[in-house]
Amino acid sequence: MIDIVQDPLTGEWVSLANARQSRPLTRPGTACPFCPGPETEVGTKPFHVAVIDNRFPVFDHPGAAEVVVYSPRHDDDYGYLDSWHARLIWRVWQDRTRALLERPDVTTVFVFENRGRRIGATIDHPHGQIYGYPYWPARLQREHAHGGVPGDCRLCRPEDLGLPVVDTAAWHVVVPHAMRMPYQLMLIPRAHAANVTQLADPQVSDGADLLQRVYQTYDRLFGFRAALALAVFQPALGQHLRIECLPIDRGQFRQKYLAASELAMGAFVTDIPAAVAQDQLRALITAMPTASRWTRNEQEGDPHDHAH
Amino acid sequence: MLKGRWEASITSSVTVDTVTRADGRTVRYYRTSETLSVKPEVSVVTGVDGYVGRAVAQALLRAGQAVVGLAAQLTPAVTPLMTYLGSAGFAPAWEAIASAHRVRAIYHCARLPEPPVPDGDVAAYYHVHVTETLAMLSRWTRATMPPLLLLSSTAVSASPPATASAWIQSLQAEENLVASLCHRWVALRVAEVVGPDDLGRVADGPDRPWARLAEGGATTTSIRDVVPMRDYVSLADVADAFVRAGRFLAAGGASQALNVGSGHNTPLEAVAEAFGQRTADVAVRWDRAAHAPQAARQWDWRPHAINLEEMAEASVHAVRQMAGTGGGGS
């Protein structure tokens, strides 16, 4: 049973999906529903990336909720996949965004990943999700209301949005002036593209590689596998696509919690100045060779997870 | 056997299989497959069956480069090269070349059939040659953009224009067009080429009628020639200029057009003397200065044969031999 309810005070929409209370948690010793097998969600058919209708959907006609299983391997991670594999995931985002945008009950498509248990991933197997919202989410509504003028794309002026960290052939990376989370990064395609379906092959290749470098940069910054939200904004109204990475830590073993101000008021408080985040992230990401990668240290992980 | 560098490229394709589960939910399985394509890197010589084209191809082979040819006719002159059949503007031939090779450079030595132009309008004639030739090349090169293009003036003009201003105007058009076709280019505006190739052929230019007359034993005749001062350069030196200009470009040299000649202008009367004839109807006084010092500085190219009498003698000898064996020359 899914109810989509509008808040009479703010006009914001909220989805109530009580079936999600019974969704499984994978922990050591339990069977993973995203590993290949006769009884699992993905079955036994070979794949590199699989997309499943979410068994516990937040939206389901109207709207859509899908799970993108990044790999058949349980211990893979987007940041450390082979390049071709990371690029395939972006191709899948393009394919599913295109298909969902054709549906009359989908208003906008949100591609995202919750990386790590501490940010809410209930299944450890590497995966992301795609929501086809049947309404405009509050954040995009506010962006549209705040100077979202058709034909005047603010994303085409990245210097207005944040401090530069690194530029690649097809993408800018900035620390937003108004960081909502410490070390937040914004990846902005240099060429105007309304959504992922409009990215050309070189933008996809470059973007997929860049996002891997960003993941690895966070892991180096914190010294363990960083818990973060990956959010692909496809905002419409003439604005262009952007990708935000929102880590939940403000340092080693210092988590940034969303507390009263953020949860109740929607007013974010961030402890790290943007210029400091810019310096630290730029030093790490520019030192990283683009051709060869840092090797993932299997000993590293999420120290908070081990504490449970 | 092709020597040299090979290009490996990987193209990937994505397939998706959609399966509906027993509970009605859909699973989409994405797989990617990659195809490895390995192509030898080659230089393409157009007009490889011709007088200049064959000599250039042979010089490139001697310099250790992998070469394939493009020829309008598959004659024995194209051997021993791997040669594709077609004119320089024949797109299917270029597509066949591109599908099997990575084209590193084009040495455009083919001369096209002469287009119809108003009688006596030499500038228009030359302009049509330039634009037609390059337009034909562009049908293929715009899609693939070969990194280097070396263009022989013999490829764009069978005869020079009547006036210096028309010539300069045409060259500017040529350079603009060439620049739009490739990453970097050299246009070699070749002076009069003299001397037989290894098949005993001589050039279609002034060399040939002079040599034929000499072979026939004529002592006094009149050849209409609009250029009173000619710069004769040997075929071997021209081929060497192409090889060195190619090296110059490959090393990062800038696009340019140079007049390739010995730098020794010869009055028409002296040309006649060299070939053992007397003649000359002189229509226009104009000569084209060779950029010999510039070529020496930039490409390390210097003409080795500068004695016209010796070169003429070789041409006359070759024509005599061809006449004796019934050969037709170029």
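Above this text sits the structure in question.
Residues numbered from 1 in each chain as written. Chains lettered and ligands numbered in written order. Predicted model: local features only at pLDDT ≥ 70, side-chain atom pairs only at ≥ 80, totals over all residues. Heavy atoms only, no water.

A. Structural context of the overall build of chain A. Along chain A, the regular secondary structure elements total seven helices and 13 strands. With 308 residues in all, chain A has 53% of them scored as buried. Long-range contacts, defined as pairs at least 24 residues apart, comprise 66% of the intrachain contacts of chain A with a sequence gap of at least 6. In the structure as shown, chain A presents an accessible area of about 13800 Å², 54% of it carried by carbon and sulfur atoms. (Helix = DSSP H or I, 4+ residues; strand = E, 2+ residues; numbered from the N terminus. Buried < 20%, exposed > 50% of the residue type's maximum accessible area, 1.4 Å probe, protein only. Contact = heavy atoms within 4.5 Å. Areas by Shrake-Rupley, 256 points an atom, 1.4 Å probe, with all protein chains shown as cover.)

B. Representation of the overall build of chain B within the structure. Secondary structure summary: chain B contains nine helices and 13 strands in total. Summarising the internal contacts of chain B: among those between residues at least 6 apart in sequence, 75% fall at separations of at least 24.

C. Representation of the interface of chain A and chain B within the structure. Contact residues are listed per partner, giving 22 residues for chain A and 13 residues for chain B. With both sides pooled, the region where chain A packs onto chain B buries about 1600 Å², and carbon together with sulfur makes up 52% of that total. For chain A, the biggest contributors to the area lost against chain B are Lys45, His48 and Asp53 of chain A; these three give 30% of the whole. One can count four salt bridges joining chain A with chain B. Counting across the interface, chain A meets chain B through 11 residue pairs in polar contact (both at pLDDT 80 or more). Of all elements in the fold, only strand 3 (49-53) and helix 1 (83-101) of chain A reach the threshold of two or more residues within the side of chain A that touches chain B. By residue number, the principal contributor to the side of chain A that touches chain B is helix 1 of chain A, which donates six residues. Of the residues contributing to the side of chain A that touches chain B, the split by class is 10 nonpolar, four polar and eight charged. For strand 3 of chain A and strand 2 (residues 26-46) of chain B, the ladder comprises four bridges, and the chain directions are antiparallel. (Buried area = accessible area lost by both parts, 1.4 Å probe. Salt bridge = Lys/Arg side-chain N within 4 Å of Asp/Glu carboxyl O. Polar contact = N/O pair within 3.5 Å; in protein donor to acceptor, adjacent residues only side chain to side chain. Nonpolar A, V, L, I, M, F, W, Y, C, P; charged D, E, K, R; others polar. Pairing = 2+ DSSP bridges.)

D. Highlighting the side chain of His85 of chain A. Locating His85 of chain A in the fold gives a position in helix 1. Once residues within four sequence positions are removed from consideration, His85 of chain A is found in contact with His48, Val49, Tyr70 and Ser71 of chain A.

E. Molecular detail of helix 6 (residues 235-250) of chain B. Residues and elements named next belong to chain B. In this model helix 6 runs 23 Å from its N-terminal to its C-terminal C-alpha over 16 residues, within 8% of the 22 Å that 1.5 Å per residue would give. The buried fraction of helix 6 is high, at 12 of 16 residues. Along helix 6, the residues that are buried comprise Leu235, Asp237, Val238, Ala239, Asp240, Ala241, Phe242, Val243, Ala245, Gly246, Phe248 and Leu249. Gly252 sits one or two positions beyond helix 6 and adopts a positive phi of about 105°. (Expected span 1.5 Å × (residues − 1).)

F. Region of interest: the environment of Pro137 of chain A. Residue and element names in this part refer to chain A. For Pro137, the location among the structural elements is in the loop between strand 6 (127-133) and helix 2 (138-145). A relative accessible area of 15% places Pro137 in the buried class. The spatial distance from the C-alpha of Pro137 to the C-alpha of Glu12 is 7.3 Å, given a sequence separation of 125 residues.

G. Inspection of the packing of aromatic side chains at higher detail. Residue and element names in this part refer to chain A. Within this structure, the stated rule accounts for 19 aromatic pairs over all chains. Through a chain of ring-to-ring contacts, three or more aromatic side chains come together here, namely Trp13, Phe59, Phe110, Phe112, Tyr131, Tyr133, Tyr135 and Phe233. If you follow Arg242 out to its NZ or CZ, it ends over the ring of Phe233, 3.9 Å from the centre. (Phe/Tyr/Trp six-rings, centres within 6.5 Å; stacked < 30°, edge-to-face > 60°. Lys NZ or Arg CZ within 6 Å of the ring centre and 35° of its normal.)

H. Representation of the nonpolar core in the model. Residues Tyr78, Trp90 and Tyr218 of chain A are the most contacted members of the largest nonpolar core, which totals 54 residues. A total of nine residues in this core trace back to one element, the largest contributor, which is helix 4 (residues 201-222) of chain A. What Trp90 of chain A contacts, discounting residues up to four positions off in sequence, is Tyr78, Trp171, Leu199, Gln203, Val204, Gly207, Ala208, Leu211 and Ile243 of chain A. Judged by nonpolar contacts, the second largest core, of 39 residues, contains Tyr107, Leu148, Ala239 and Ala245 of chain B. (Core = buried A, V, L, I, M, F, W, Y, C linked by side-chain atoms within 4.5 Å.)

I. Summary view of the pattern of salt bridges. As enumerated under the stated definition, the model contains 32 salt bridges over all chains in all. Here Arg96 of chain A makes a salt bridge to Glu66 of chain A, at a shortest N to O gap of 2.6 Å. Residue Arg96 of chain A is found in helix 1, and its partner Glu66 of chain A is found in strand 4 (residues 64-69); the two are separated by 30 residues along the sequence. Residue Glu66 of chain A is classed as buried on the basis of its relative accessible area of 3%. For Arg87 of chain A, the salt bridge identified is with Asp209 of chain A, shortest N-O distance 2.7 Å. Linking Arg87 of chain A in helix 1 with Asp209 of chain A in helix 4, this pair joins segments that are 122 residues apart in sequence. A cluster of three or more residues bridged by salt bridges with shared partners is formed by Glu41 and Arg55 of chain A together with Arg21, Asp23 and Arg25 of chain B.

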